[in-house]
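Here's the letter readout for the chains.
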Amino acid sequence: MLLLGIDLGTSSIKVSIVDSTNGKLVASAQYPEVESPISSPQAGWAEQDPEMWWKNTQMAIEKAVQSKSFDPYRIAAIGISYQMHGLVIVDKNNKVLRPSIIWCDSRAVIIGQKAFDTIGHEQCLSHLLNSPGNFTASKLAWVKENEPEVYEKIDKIMLPGDYLALRLTNDLSCSNSSLSEGIFWDFQTNTLSEDILKNYGFSKTIFPEIRPVFSEHGQLNAVIAGNLGLRAGIPITYKAGDQPNNALSLNVLEPGEVAATAGTSGVVYAVTDKVAYDPQSRVNTFAHVNHRMKKAEDRLGILLCVNGTGILNRWLKDNLGNGLSYSQMNGLASESPIGSNGLTVLPFGNGAERIFNNQTLGAKFSKIDFNIHSQKDIFRASQEGIAFSLKYGMDIMSETGNAPKIIRAGKANMFLSSVFAETIVNASQVPVELYDTDGSKGAALGAGIGLGIFANPKDAFVHMEKLAVIEPNILQKAAYEEAYENWKKELGV
C-alpha cells in the first residue's frame, strides 16, 4: 500500500508517496519551486498566511498526482510534518483570524520572560521543561494583549500542521507533542499546564481535542479528495512538528540517538528518557513522537536550534550569488581554506536565538579584507559560521548530559555541501551519517505507523538507505579548532 507524507516547511510544501512494503519513494513534488515569503510587518516579526500553506499543499499534491507515477487510489494513509511553534487562530466557522505568527518571530520574548519570572523558574522548568520563552503560548498571549478584538473571536488555536489537517478533513485535533512544543503541556501531570492557563488567562475550551501522535486525526473530505484526485476517506494517522518528524525519518526514536537537519533553521535533536532541562532554557525539551506511546515510557527530544541557517544561505544567493545555484556556491566555498582566510560570519539574522537566552544578536561579517577576500571566502565563512553555531549549541547539550556520539542526517539542504558537513564533523569531532530521507518521507512512514501496518515503529525503517559516513579528519583537527576559537572571539565568549 502507498502512504502520503506532507511536509509543511517555512520555504515550501513537499509531498512524498512511499511504498510501505519496501520503503521506496514512488513520487515526490514540491511547491513552490522558490522559497515562500516571510512577512515582517515590524522588525523582529515573522508571519505567514495559512491560506498560502493550504494553496501550496494542494498544488504540491496535484503535481505529484499529475506525474502519473502511482495510483492515487492506493494511498492508505496521510502523515503531516510541519514547522514548529507557529500560532494559528480561527473563529467558530474555522476562519483564520490573522496571519500565523511563526517560529522565528521574536515579538513575545518579553512576555515569555515575564511569565517565567511570575510562575517561577523552578516551577516552569520542572513542569514545562522550558521557559515559556518565545513559544506558541507566549505568542497567543501577545495577541490577547495587543489585539483584544481578534482574541475575543477565537474559537480554537492550533499549530500549522493542525490547520492543514483541518483543511483536509474538517476535523481538528492536537497531541501531547504539539502542546509541549507550544509550552502548553505539564510533564508532571501529563495534562494541559494549569500554570500557563492561569498566568495568561487562557480557557481550556480554545484547545482542540488531544489525541495520540500516531492515531486518526480525521479523514479526507470528499470534496477536497475530488479536487485533488484522491480517494475520499483516507485517514490522517500522524502529525508531528518538523524536528521530531525529522528524527523519526532517521529512525531516531530511542535514548542516545541523535538527528540533525539544516533547512531554514539548523537543529540537533537528541532523544532521551530523562525528564530533564537546561536551567537557562537555551536548548529545549519537548515530547518526542513516541513519548508515552507505551504506558509510562518517556521519550523526550532535546532540541538545539539555530535560526540563521538555510535562510542565511538563501540571503547570500539572492544578494551576493550573481545567479549562482546552491551547488555552485558550495563548490566555490570548497575553494576557500579552513577558516576562510580569517573571515568570520555570525549567522544570527533571523530573530531571537534560544542558545543566547532569546537575544536578537543580528548577523555579522567580520574582518573582511578587500585585498584578500572574495566570494568564495564569504560563502565558506557563512557555512562555517552556521556549523560553529551548532557546535556551540552542542556544547550546551553536553552540559545537560546529552553529548552526541554520532549524528544522523538526511542528505538534503545544507548537508548537500561537503564544506558544511565536514565543518560540523571536524569542529565537534562527532561523525555524521547521511541517509536518503527527508521530512515528507518521514511523515509518510509515520502515517504507516499510525495506521498500524508495522509491528513497531522501528520496522518502518528497515529499508532506510545509508548514503555516507563522514568521520573526523585528525589531520585537520587543529585547523578547525583554530577557526572555531577565532569565531568564538568574534562572538565575544
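Residues numbered from 1 in each chain as written. Predicted model: local features only at pLDDT ≥ 70, side-chain atom pairs only at ≥ 80, totals over all residues. Heavy atoms only, no water.

Student: Run through the sheet that holds strand β22 (residues 466-470), naming residues and quoting values.
Tutor: Across the sheet, which stays open at both edges, the seven strands sit in the order β16-β17-β15-β14-β20-β21-β22 with mixed pairing between neighbours. Since the sheet does not close on itself, it has two edges, and those belong to β16 (284-287) and β22, each with one partner. Mean inter-strand twist for the sheet, computed between neighbouring axes without regard to direction, equals 25°. Here strand β14 (residues 258-262) pairs with strand β15 (residues 266-272) via five bridges, running antiparallel. For Ala262, the partnering residue across the bridge sits in β15 and is Gly266. Helix α10 (residues 242-249) rests against β14, β15 and β17 (300-306) of the sheet, and its axis sits at about 120° to β14. (Pairing = 2+ DSSP bridges. Helix = DSSP H or I, 4+ residues; strand = E, 2+ residues; numbered from the N terminus. Axes fitted to C-alpha atoms, helices over the stretch in contact; angles between N-to-C directions. Contact = heavy atoms within 4.5 Å.)

Student: Which residues make up helix α6 (residues 160-169), and what are the values?
Tutor: Counting buried positions along α6 yields nine of 10 residues, so the element is predominantly enclosed. For α6, the set of buried residues is Pro160, Gly161, Asp162, Tyr163, Leu164, Ala165, Leu166, Leu168 and Thr169. Directly beyond the C-terminal end of α6, a positive phi value near 65° is found at Asn170. (Buried < 20%, exposed > 50% of the residue type's maximum accessible area, 1.4 Å probe, protein only.)

Student: Account for the nonpolar core, with residues named and values stated.
Tutor: With 49 residues, the main nonpolar core has Leu140, Ile157, Phe184 and Phe202 as its most contacted residues. Ranked by residue count, the leading element in this core is helix α4 (residues 136-146), at five residues. Residues within four places of Phe202 in sequence aside, it is in contact with Ala137, Leu140, Ala141, Lys144, Tyr151, Phe184, Ile196 and Leu197. Within the second largest apolar cluster, 48 residues are counted, among which are Ala260, Leu304, Leu390 and Tyr484. (Core = buried A, V, L, I, M, F, W, Y, C linked by side-chain atoms within 4.5 Å.)

Student: Explain the sheet that holds strand β3 (residues 25-31) to me, using residue names and the numbers behind them.
Tutor: With mixed pairing, five strands are arranged side by side in an open sheet as β3-β2-β1-β5-β13. A strand with exactly one partner marks an edge of an open sheet, and here the two such strands are β3 and β13 (236-241). On average, adjacent strands in this sheet sit at an angle of 15° to one another, irrespective of strand direction. As defined by bridge partners, strand β1 (residues 2-8) adjoins strand β2 (residues 13-19) across seven bridges and the pair is classed as antiparallel. Within β2, the position partnered with Gly5 by the bridge is Ser16.

Geometric values such as these leave the question of function open.
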